[in-house]
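# Inside the fold
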Amino acid sequence: MTDKTHLVDEITGHRRMRRNRKADWSRRLIQENRLTVDDLIWPIFLAEGSGLVEPIPAMPGVNRLSVDQAVEAAKRAADLGIPALATFPNVDLGLRDDTGSEALNANNLINQATAAIKKAVPNIGVITDVALDPFTSHDGILRDGIIANDETVEAISRAAVMQADAGADIIAPSDMMDGRIGAIRQALDAAGHQDVGIMSYATKFASSHYGPYREAISTSGLLKGDKKTYYIDPANGTEALREAALDVEEGADMLMVKPGLPYLDVIRRVKDRFGVPVAAYQVSGEYAMLRAAIDNGWLDERKVILESLLCLRRAGADMILTYFAKQAAQWLAEGPA
Ligand code: PBG
């Protein structure tokens, strides 16, 4: 017995990692990263109508909300201390066309929701996704089967100004067209929206983890081909840094890495390289994977959700977009993770 202890002390040179881990109080003292409600952004899906709370089959527990219900959700989020919402519209199929003209309707679903939320809950941040995918029969303006970069940039810059006019606090371009951050910054400033920020979907990968989202906004059947000619190859980390660098130069206030958990290395590299706040997006596929395992009883709901979010923080994310935001905020209000 004594001999064995002696042996380990000889091996470790008396250094024992378990000393600091022995009690809850010491584990709390040495904890390097924490998850708080202040780190959370809650993405919500919007739909036309009123009183509508419509389940999304591929994302059990997540619903499409009509504007009045989105306002209720915003109130709950604000009560829980969630700093901001991110909104995504499921636009009526009849309003979608080749150029996404509904994106340039000042009173479209996303802008109606922003105005209503900011009116009822002025203290919650509203982050609007600017892209043409919810409005077109593909993902932008197609020319000869290819998404036309410069025409798309022009359209989303105008859409961004309308979103800011409606009250959006931060514009989040998710399209990955070249030059869009600079173009949106110029358009916002020219319209007097100097205080409206840009959260760039800077390193957005051509990932297979967006499937449930595409069901949520009814684009899955519409997409022509994949998005590999504009999103980043999941194999490429260095290219992602170059993309992020351009967005910083063009005026991004915050950078996002998307998806989250499979891209922790990219979060760390972006955080270390640029002195700007970094957001991680725990996307719909990540939600669906966790949800499926939880619902089957294979993973502990609270533990695995909070761990997945804490790990994004450890990797360097200052803030996290997560469909679990409301649930996580409730747990965090009950006590530490
Ligand atoms: C595009 C957009 C997408 C997501 C957010 N914005 C889908 C895509 O790029 O195809 C995905 C979000 C998620 O999967 O949760 N406007």
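So, here's what we can say about the structure. This structure is a prediction, so every number in the text was calculated from the model and none was measured. (Residues numbered from 1 in each chain as written. Predicted model: local features only at pLDDT ≥ 70, side-chain atom pairs only at ≥ 80, totals over all residues. Heavy atoms only, no water.)

### Quick notes on the environment of A155
Defined as follows: Runs of H or I in DSSP of at least four residues are treated as helices and runs of E of at least two as strands, each being numbered from the N terminus. Three labels apply to residues, based on accessible area from a 1.4 Å probe with only protein chains included: buried if under 20% of the type maximum, exposed if over 50%, partly exposed otherwise in between.
Along the polypeptide, A155 turns up in helix 5 (residues 149-166). Of the residues examined, A155 reaches a relative accessible area of 7% and is grouped as buried. Along the chain, A155 and L104 lie 51 residues apart, while their C-alpha atoms are 7.6 Å from each other.

### Here we look at the site of the ligand
Heads up, the condition is: For this purpose, a residue is taken to be near a molecule or strand whenever a single non-hydrogen atom of the residue falls within 4 Å of it. Under the rule applied, a polar contact is a pair of N or O atoms within 3.5 Å (in protein, one hydrogen donor and one hydrogen acceptor; residues adjacent in sequence only if both atoms are side-chain atoms). The definitions used throughout rest on a 1 Å grid laid over the protein atoms alone, on which a cavity is an enclosed set of points accommodating a 1.4 Å probe that cannot get out and a pocket is an open set flanked by protein within 12 Å on both sides along at least five of seven lines; lining residues are those having an atom within 4 Å of a point. Molecule-in-pocket calls rest on the fraction of atoms, with more than half required to lie within 2 Å of the cavity or pocket grid points. Residues are grouped as follows: Ala, Val, Leu, Ile, Met, Phe, Trp, Tyr, Cys and Pro are nonpolar; Asp, Glu, Lys and Arg are charged; all remaining types, including Gly, are polar.
The full set close to the ligand counts 18 residues, and K204, R214, Y231, K258 and Y323 are the nearest of them. Measuring from a nitrogen atom of the ligand, one finds a side-chain N or O atom of D133 at 2.6 Å. Within the contact set of the ligand, an oxygen atom lies 2.6 Å away from a side-chain nitrogen or oxygen of Y323. Under a 2 Å grid-point criterion requiring more than half of the atoms, the pocket assigned to the ligand is the largest cavity. Mapped onto the shell around the ligand, the elements with two or more residues apiece are strand 9 (197-204) and helix 7 (211-216). Here the residues of the shell around the ligand are counted per class, giving 9 nonpolar, 3 polar and 6 charged.

### Some details on the packing of helix 5 against helix 6 (residues 180-190)
Going by this rule: What counts as an axis is a line fitted to C-alpha atoms, over the stretch in contact for a helix, and the angles between N-to-C directions run from 0 to 180 degrees. Reported orientations rely on four angle classes, namely roughly parallel under 35 degrees, roughly antiparallel over 145, roughly perpendicular from 65 to 115, and oblique for the rest. Crossings are assigned a handedness: left-handed for a near helix turned anticlockwise from the far helix by less than a right angle, right-handed for a clockwise turn. Whether two residues touch is decided by their heavy atoms; if any such pair falls within 4.5 Å, the residues are in contact.
The interhelical angle for the contact between helix 5 and helix 6, taken along N-to-C directions, is 45°, at an axis separation of 9 Å. Taken as axis vectors, helix 5 and helix 6 run oblique relative to one another. Crossing of helix 5 against helix 6: the hand is right-handed. Residues V153, I156, S157, A160, V161 and A164 of helix 5 touch helix 6, and the partners they reach there are R180, A183, I184, A187 and L188. Of the residues contributing to the contact of helix 5 with helix 6, the split by class is 9 nonpolar, 1 polar and 1 charged.

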